[in-house]
There are 2 protein chains.
Amino acid sequence: MPDRCVSKQTLQRLPAYLNFLKSAQLKGSKYVSATMVAEALGLNDVVVRKDLSAVSKKGRPKVGYVRIELIRELEGFLGYDNSQDAVLVGAGRLGQALLGYSGFPQYGLNILAAFDDDPALAGAEVAGKKVLPMDKLPGLCRRVGVHIGIITVPGEHAQAVCDQLIKSGILAVWNFANAHLQVPEGILVQNENMAVSLALLSNHLKERFSTKGSAG
Amino acid sequence: MPDRCVSKQTLQRLPAYLNFLKSAQLKGSKYVSATMVAEALGLNDVVVRKDLSAVSKKGRPKVGYVRIELIRELEGFLGYDNSQDAVLVGAGRLGQALLGYSGFPQYGLNILAAFDDDPALAGAEVAGKKVLPMDKLPGLCRRVGVHIGIITVPGEHAQAVCDQLIKSGILAVWNFANAHLQVPEGILVQNENMAVSLALLSNHLKERFSTKGSAG
């Protein structure tokens, strides 16, 4: 089994490789090489070669990898082949969109249920998942052994929800709220921060227009 | 006016500072210091001091910043005070969630309209925004001078949509699709990649369980 310790940078590139390997343009190809992947994704050849060799030892000089095999190895490496259960807190608009998102199973994510204290949502079902009151959270997490918690509540409630999730045994938090969460050591927070993305987009436009000398 | 050239790392931290400055726990405070921000967010003192001095020259030794002033300066720096128009392509579940997300205006994002070629959505309105057919895209973008395009179509259609956006004058692409987009120089792609986030979460759990020796 290949070494599981890769850099975060490598890990962030792997889903793009997998996506390319599964893309329509490669449907008929038996083999795929690091060079092909690098060219298709506009990345450095050496970087891709190194990344892939961390995932699979089956690459052959001048031939490359058997595409289907490499897909399986990447999926295994990324944990997409091993379904992980998750709970979601906050069944508002964004929460409902995630509950209904059909793409998660292919990445090995299975949202078991949603939690929300809004009485208007009590007993509701969204995309076949139950919306439960918050006091049911610890019991379900402990009983099923859930380790991933998704936060889609407004920013001001995010820390309190995060604390409850951790008390319930959650080890990895996927945070969609605009809040900086404080967690004990050993707990991962993965931020999906729209505020940061918008700042980067806005800054890019600012720079574009200031260099073109056409800022308004 | 302070120097606008800051590192991407700094830019990524600024929204969290802003969020903390506007938080309920600081409601009564007139002044705020880099040390307070650093402590609240679990960051290094020196880093926060340097970040804030890039945004504002009004910090005073031992006193810090006037909180309300620093909020205004951060908002200006991040472009949140200057509303940017955007178009969204792909009015499926995720697209509809973004159209209905009430948090964007506070970050200076204004989604003008959505585009989708699904005839079932033609003429629909989501959260008060019209869903228009794709052939209306170039005209609207050019007429209004829209520079931000949001992609919420399935991965396999993302590159074609991206190309159409760029042809219509879009300079910054906010990509929610699981696809690696190729763009000409000078165009920014900001990826909101759930596949990457899930890989990071899954990898964290794997490491947690392998060090605890309780992997399944």
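Above: the structure in question.
The shown structure was predicted, so the numbers you read here are calculated from the model rather than taken from an experiment.

Visitor: Describe the relation of the copies chain A and chain B, with residues and values.
Guide: Overlaying chain A on chain B yields an RMSD of 0.0 Å, the required transformation being a rotation through 180 degrees with an accompanying axial translation of 0.0 Å. Expressed as a symmetry operation, the mapping of one chain copy onto the other fits a two-fold axis. Looking at the rotation axis and the C-alpha trace of chain A, the residue lying nearest is Ala-97 of chain A, at 3.0 Å. Interface overlap between copies: 100% of the residues of chain A at the interface are likewise at the interface in chain B, consistent with a symmetric, same-surface contact.

Visitor: An account of the interface of chain A and chain B is needed here, citing residue identities and associated values.
Guide: Contact with chain A, which involves 57 residues of that partner, is made by 57 residues of chain B. Roughly 5,400 Å² of surface becomes buried between chain A and chain B when both sides are summed, with 65% attributable to carbon and sulfur atoms. The three residues of chain A that bury the most area against chain B are Leu-198, Leu-200 and Leu-201 of chain A, which together make up 11% of that side's buried surface. Broken down by element, the residue count for the side of chain A that touches chain B peaks at 15 residues, all from helix α8 (residues 194-212) of chain A.

Visitor: How would you sum up the packing of helix α3 (residues 45-55) of chain B against helix α4 (residues 67-78) of chain B? Please name residues and give values.
Guide: Residues and elements named next belong to chain B. Interaxial distance between α3 and α4 falls to 9 Å at its minimum, and their mutual angle equals 75 degrees. It follows that α3 is roughly perpendicular to α4 by the angle criterion. In this structure, α3 uses Leu-52, Ala-54 and Val-55 to contact α4, whose residues at the interface are Leu-70, Glu-73, Leu-74 and Phe-77. Classifying every residue of the contact of α3 with α4 gives six nonpolar, no polar and one charged.

Conventions and cut-offs
- Starting from 1, residues in each chain are numbered consecutively following that chain's sequence as written.
- Ligands are numbered from 1 and chains lettered from A, in the order in which they are written.
- Per-residue local features are limited, in this predicted model, to residues with pLDDT of at least 70; the limit for side-chain atom pairs, both in listing and counting, is 80 or more; totals at the level of whole chains, interfaces and linings are taken over all residues.
- Computation of side-chain values covers all heavy atoms of the structure but excludes hydrogens and water.
- What sets the superposition is a least-squares fit of C-alpha atoms, and only residues with pLDDT of at least 70 in both copies go into it.
- Two residues qualify as a contact provided that any one of their heavy atoms is within 4.5 Å of a heavy atom in the partner residue.
- Accessible-area loss on putting two parts together, using a 1.4 Å probe and summing over both, is the definition of buried area adopted here.
- The helix and strand labels rest on DSSP assignments: H or I over at least four residues marks a helix, E over at least two residues marks a strand, and numbering proceeds from the N terminus.
- Note on method: axes are straight lines fitted to C-alpha atoms, helices fitted across the in-contact stretch only, with angles between N-to-C directions ranging 0 to 180 degrees.
- Any angle from 65 to 115 degrees is called roughly perpendicular, while one under 35 is roughly parallel, one over 145 is roughly antiparallel, and all others are oblique.
- Each residue gets one of three labels, nonpolar for Ala, Val, Leu, Ile, Met, Phe, Trp, Tyr, Cys and Pro, charged for Asp, Glu, Lys and Arg, and polar for the others, Gly among them.

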